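Each chain is listed here by its residues.
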Amino acid sequence: MRKFDTKVQHLKYKVLREVARQAWAGTLLENVLDIPKIIVPNTTPTMRCCVYKERAILAERVKIAMGGNAEDPNVIQVIDIACDECPAAGYEVTDSCRGCLAHRCEDVCKRGAIWFDNDHVAHIDKSKCVECGQCAKVCPYFAIVNRSRPCQNACKVKAISITENNAAAIDKTKCIQCGACVYQCPFGAITDRSYILNVIDMIQKSDDNKNYKVYAVVAPSISSQFTYAKLGQVISGLKKLGFHTVIEAALGADMVAMAESRELAEKGMLTSSCCPAFVAYIKSAFPKLLPLVSHNPSPMAALAQYIKENDPQSRVVFIGPCTAKKAEAQLEKVKPYVDAVMTFEELQVLYDSRDIDITTLPEDVLDNASYFGRIFARSGGLSDAVAQAMKEQNIDFALKAVPCDGIEACRTALLKASKNLLDGNFIEGMACIGGCIGGAGCLTHGEKNKADVDRYGKEIYTQDVILYETQEEIGYFIVENEETAVDVVWGEVMPLNGLQAEDIKVIGNLIDCPDFIEGMGFYRDNEIEIPYIPLLNVQMSAYPYLKLECTKCKHTVLACQYKAKCKDCGGFLKTGFTTKVYREKEKAFA
């Protein structure tokens, strides 16, 4: 089965896998010099001019797989000897030039860089050309092409230059760690440093989570990855690797959306802070706009902070598509909470380094977050979540979101904002095209990913209890199967495809909330008006639970309604506490 888009990704995978295998076995230090020969055992070259150069480059890849140069803080690294000196002549006139009479290329060039030989064929004077590309745009034969390097084309913040040795170099003051150049380099000469050894070390030293618990926080874009298996099997695989439990970063997104919506209403103008590459770009290119950046942490940091506050001895590993998250985890305000960051590529490496075939595993459930938290993974998802959060908190604010799909769109919006010309009050910045689903650390890229994320956001499970709320109706349902749900109160069957995903809120399941089901039945049987239970002060994926006290036996229970019937004595339950307890938090830290 094919797990990666390109052979470059596969080569990177083979190096990481061998490093991981040696680390699990405790033999890495003694065998590290042999890894290049293990990967290229024969004398016939398959990638370069000779096996010796191949192995020399592999040795450099091994260093980066082991964490790279400690003195260089940049996550994105250039392997000098792997850089193939790609032609980088800029704009050139090709043989397609017909020597036409129009000379539009000459007319449009304000630098006078276009000249013609005796055969009327155009040429470009490189001493005058500023690489604006106007001549290429107007040529009717498309005879003028831009021969810039793939890495430079990919880097929209112009952080890549060419050294005197004709190798790529990264300007660390401009680099936003997005990794676009990593995915686009045809020779894999640019790559991201790996912290996979840190993760393996954490898991091994936890002694099967006895010394401390290792939490895996997975990005919602995981739904568009590992397409050869089911998502539930991916989650089972993480636990088989040695993680204590798996929590959705989308739960942190739910938290962030609520806080960010309030901050936006207070300030009147805001930019998102979820994408670390976008925030880094503002710092380097638009520093005057820094006061507009949301003060809220990213979903990764928000959830990791919550985990550490509840379990100070724990270790938190974030797994996602983003190379910039590796840089974010090194920030002083994030470092205490996030212990390591891995990409989806590296997660595949961990599975295979332990010979775990996830397609053979049973399906586990990942149900911590809401629809809106899960669609953070795609461009426009954050804006939708903020709008929903305002609605649920009854915030009276005219949101005018500007979703920016890719760093070029971000630049346009930020430039307008700096000139007070932006027609909007909330900039959702996503450095990668498509959002997180287009991150450099994905196994696969493509349009299909967006649909997968939306489908994942709408995912509900058999026996889930859901609240369906629209302006016209409110109802509680038990999910019977993939197609139907049964009304909790009246027993009526409703087709699931007739319910809009954004109007569904998962309360729990039959195991989690029997008090709720019994309470609803009590209201029905006694012809008492069914109470509508609005969301409280925090929007989570599951419905907020309250601590309730029985008026008869004084027993306390968790329930998701204001009144229910006590199962022990039949008395009524009432809200006897002000503390709100949330099911997913209880479940995550059980």
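Sequence order sets the numbering: in each chain, residues are counted from 1 along the sequence as written. Only residues with pLDDT of at least 70 get local features here, since the model is predicted, and only at 80 or more are side-chain atom pairs given and counted; chain-wide, interface and lining totals rely on the full set of residues. The basis for every side-chain value is the complete set of heavy atoms in the structure, and neither hydrogens nor water enter the calculation.

## Things to note about helix H4 (residues 51-65)
Then, number 1: Going along the chain from the N terminus, every DSSP run of H or I of four or more residues is numbered as a helix, and every run of E of two or more is numbered as a strand. A helix is expected to span 1.5 Å multiplied by its residue count minus one. The end-to-end C-alpha separation of H4 is 20 Å, in line with the 21 Å expected for 15 residues at 1.5 Å each.
Then, number 2: Those residues of H4 that sit buried are Val 51, Glu 54, Arg 55, Ile 57, Leu 58, Arg 61, Val 62, Ile 64 and Ala 65. Projected down its long axis, H4 shows its buried positions confined to an angular sector of 165 degrees, all on one face. When the buried face of H4 is taken as reference, the exposed residues oriented beyond 90 degrees from it are Tyr 52 and Lys 63.
Then, number 3: Contacts made by the buried residues of H4 are with helix H1 (7-25), helix H3 (35-39), strand S1 (76-78), strand S8 (190-192) and helix H9 (196-205).
Then, number 4: Downstream of H4 by one or two residues, Gly 67 has phi in the positive range, about 120 degrees. With a 1.4 Å probe rolled over the protein chains alone, any residue whose accessible area is under 20% of its type maximum counts as buried; one over 50% counts as exposed, and the rest are partly exposed. Relevant arc is that of directions from the helix axis to the C-beta atoms, nothing else. By definition in these notes, contact holds between two residues if any of their heavy atoms fall within 4.5 Å.

## Brief notes about the sheet that holds strand S9 (residues 214-218)
Then, number 1: Strand order in the open sheet made by the 4 strands is S10-S9-S12-S13, with parallel pairing throughout. Looking at strand neighbours, the two that pair on one side only are strand S10 (245-248) and strand S13 (340-343), the edges of this open sheet. When strand polarity is set aside, the average angle formed by the axes of neighbouring strands in this sheet is 25 degrees.
Then, number 2: Note on pairing: two strands pair once DSSP finds at least 2 bridges between them. Here 5 bridges tie S9 to strand S12 (residues 315-320), and the two strands are oriented parallel to one another. Its bridge partner being in S12, Tyr 215 is matched across the sheet by Val 316.
Then, number 3: The sheet contacts of helix H11 (residues 249-267) involve S9, S10 and S12, and relative to S10 the element is tilted by about 35 degrees. Only C-alpha atoms enter the line fits that serve as axes; for helices the fit covers just the stretch in contact. Angles between N-to-C directions range over 0 to 180 degrees.

## Topic: the packing of aromatic side chains
Then, number 1: Stacked, edge-to-face and tilted are the three classes for Phe, Tyr and Trp ring pairs, Trp counted by its six-membered ring, which pair at centre distances within 6.5 Å; planes under 30 degrees apart are stacked, over 60 edge-to-face, the rest tilted. Overall, the coordinates contain 3 aromatic pairs when judged by the stated rule.
Then, number 2: Judged by centre distance (5.9 Å) and plane angle (70 degrees), the ring pair of Tyr 281 and Phe 286 falls under edge-to-face. In this structure, Tyr 281 and Phe 286 share a single accessibility class: buried.
Then, number 3: An aromatic cluster of at least three residues, connected via ring pairs, comprises Phe 226, Phe 344 and Tyr 351.
Then, number 4: One Lys or Arg, Arg 315, reaches over the ring of Tyr 212 and ends 4.0 Å from the middle of that ring.
Then, number 5: Criterion for a charge above a ring: Lys NZ or Arg CZ within 6 Å of the ring centre, and within 35 degrees of the ring normal. The ring centre of Trp 24 lies 4.3 Å from the NZ or CZ of Arg 354, which sits over that ring.

## Looking at the nonpolar core
Across soluble globular proteins, you tend to see nonpolar side chains buried next to one another.
Then, number 1: Counting 71 residues, the largest nonpolar core has Leu 238, Phe 243 and Ile 319 as its most contacted members.
Then, number 2: Per-element accounting of this core gives the leading share, 8 residues, to H1.
Then, number 3: Residues grouped as a nonpolar core are buried Ala, Val, Leu, Ile, Met, Phe, Trp, Tyr and Cys residues, joined through side-chain atoms within 4.5 Å. Counting 44 residues, the second largest nonpolar core, distinct from the first, contains Ile 64, Met 269, Cys 410 and Leu 422.

## Focus: the packing of H1 against helix H15 (residues 344-353)
Between two packed helices, both the angle of their axes relative to each other and the distance between the axes serve to describe the pair.
Then, number 1: Between H1 and H15, the shortest axis-to-axis distance is 8 Å and the interhelical angle comes to 50 degrees. One element, H1, and the other, H15, form an angle in the oblique class. Judged by the sense of rotation from one axis to the other, the crossing of H1 with H15 is right-handed. Of the residues in H15, those touching H1 at Gln 9, Lys 12, Tyr 13, Leu 16, Arg 17, Ala 20, Arg 21 and Trp 24 are Glu 345, Glu 346, Gln 348, Val 349, Leu 350, Asp 352 and Ser 353.
Then, number 2: Taken together, the residues that form the contact of H1 with H15 break down as 6 nonpolar, 3 polar and 6 charged. If an angle is under 35 degrees, it is roughly parallel; if it is over 145, roughly antiparallel; if it lies from 65 to 115, roughly perpendicular; otherwise it is oblique. Note: crossing handedness is left-handed where the near helix turns anticlockwise from the far helix by less than a right angle, and right-handed where it turns clockwise. Residues are sorted three ways: Asp, Glu, Lys and Arg are charged, Ala, Val, Leu, Ile, Met, Phe, Trp, Tyr, Cys and Pro are nonpolar, and all the rest, Gly among them, are polar.

## What about the sheet that holds strand S14 (residues 401-405)?
Then, number 1: Pairing is parallel across the open sheet formed by 3 strands, whose spatial order is S11-S15-S14. Every other strand in the sheet has two partners, leaving strand S11 (270-271) and S14 as the edge strands with one partner each.
Then, number 2: In the sheet, S11 pairs with strand S15 (residues 426-430) via 2 bridges, with the strands oriented parallel. Residue pairing in the sheet places Leu 270 in a bridge with Phe 426 of S15.
Then, number 3: In the packing of helix H17 (residues 381-392) onto the sheet, contacts are made with S14 and S15, and the angle to S15 comes to roughly 145 degrees.

## Things to note about a positive patch on the surface
Then, number 1: Judged by side-chain charge, Lys 156, Lys 158, Lys 174 and Arg 411 come together as a positively charged surface patch.
Then, number 2: Positionally, Lys 156 belongs in the loop between helix H7 (150-154) and strand S6 (160-162).
Then, number 3: Assessed through its relative accessible area of 42%, Lys 156 is described here as partly exposed. Residues qualify for a patch when their relative accessible area is over 30% and they have no salt bridge, like charges being joined within 9 Å and the nonpolar side chains of Val, Leu, Ile, Met, Phe, Trp and Tyr within 5 Å. Working definition of accessibility: Shrake-Rupley area with a 1.4 Å probe, residue cover restricted to the visible protein chains. We count a salt bridge whenever a side-chain nitrogen from Lys or Arg sits within 4 Å of a carboxyl oxygen from Asp or Glu. By the counting scheme adopted, Arg and Lys are positive, Glu and Asp are negative, and His together with the chain ends is not counted. The atom standing in for a charge is NZ when the residue is Lys, CZ when it is Arg, CG when it is Asp and CD when it is Glu.

Note that every value here comes from positions in space, so none of it alone points to a role or purpose.
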